[in-house]
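One-letter residues, chain by chain:
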Amino acid sequence: MKTHNLFSSVILIGFGLYYLLSQSSVTLFDGFYSWPTLLCIVGLAFLAQAYKAKQYEYILPGIILLGFGIHFHVIQNFHFWSDNIGVFILIISLGLMLQAQKTNKGMLPGILILAIAVFILFNDAFMETLHSTEMFANQSVSLVPIILLGFGILVLFFKK
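Now for a look at the structure at hand. (Residues numbered from 1 in each chain as written. Predicted model: local features only at pLDDT ≥ 70, side-chain atom pairs only at ≥ 80, totals over all residues. Heavy atoms only, no water.)

Structural notes on the overall build of the protein chain
This is how the line gets drawn: Labels follow the DSSP assignment, with helices taken as runs of H or I lasting at least four residues and strands as runs of E lasting at least two, numbered in each case from the N terminus. For every residue, the accessible area (1.4 Å probe, protein chains only) is compared with the maximum for its type, and the residue is labelled buried under 20%, exposed over 50%, or partly exposed between those bounds. Contacts are residue-level and defined by heavy atoms, with any inter-residue pair within 4.5 Å sufficient. The Shrake-Rupley method, run with a 1.4 Å probe, gives the accessible areas here. Residue values count only the displayed protein chains as cover.
Helix and strand counts for the protein chain come out as seven helices and zero strands. Shown N-terminal to C-terminal, the secondary structure of the protein chain runs as helices and strands in the order α-α-α-α-α-α-α. The buried share of the protein chain, taken over its 160 residues, is 28%. In the protein chain, the share of contacts with a sequence separation of at least 24, taken over all contacts with a separation of at least 6, comes to 56%. Only carbon and sulfur atoms are counted for the fraction: they give 70% of the accessible area of the protein chain, which is about 10900 Å².

Observations concerning the packing of aromatic side chains
The description of an aromatic ring pair rests on the distance of the ring centres and on the angle between the ring planes. To be explicit about the condition: Each Phe, Tyr or Trp ring, with Trp reduced to its six-membered ring, pairs with another whose centre is within 6.5 Å; inter-plane angles below 30 degrees give stacked pairs, above 60 give edge-to-face pairs, and intermediate values give tilted ones.
Overall, the coordinates contain eight aromatic pairs when judged by the stated rule. Between the aromatic rings of Tyr18 and Tyr19, the centroid separation amounts to 5.0 Å while the plane-to-plane angle is 85°, which identifies the pairing as edge-to-face. When its relative accessible area of 7% is taken as the criterion, Tyr18 is described as buried. Relative to Phe72, the ring of Trp35 lies with its centre 4.9 Å away and its plane at 55°, an arrangement referred to as tilted. One end of the pair, Trp35, is in helix α2 (residues 35–52); the other, Phe72, is in helix α3 (residues 59–77), and 37 residues separate them in sequence.

Points about unusual backbone geometry
Both trends apply: most residues other than glycine have a negative phi, and most peptide bonds are in trans. We note that Lys54 has phi near 55°; this positive angle belongs to a residue other than glycine. Relative to the helices and strands, Lys54 resides in the loop between α2 and α3. Take Lys54: its relative accessible area is 61%, and that puts it in the exposed class.

So this is what it looks like as structure tokens:
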């Protein structure tokens, strides 16, 4: 199979299976026949193109679409899953780091975004473990945007 047809082939096969299963009334799990499944199919097509055709620029959109699709399926079916913006940022950081692994460039943005995602996901637990006064906790939360802005400006204007 030619690699330039791989993306189109996976999309057509995935959508064909999706509609064939929906017409034959096969139920894999509740909510399977919804738009998150279509996100997963397109994400898998991007990842197939990225890894089989060695076009690694498709890793990021593939991980984002597949990750978002899985996330939306999981939050519909499992109540323990967090519906926090940090999950989306975590998925994006994973895509950046996987792409950087193959291209050998761009790992730092992935790690920085991972740190932000972890902070957002565990912010409440972190504040509870401080066991400090309420005033300190409120001040430290209000300093976070200023610290992020400061680091962003440093990275923008000062190389290394």
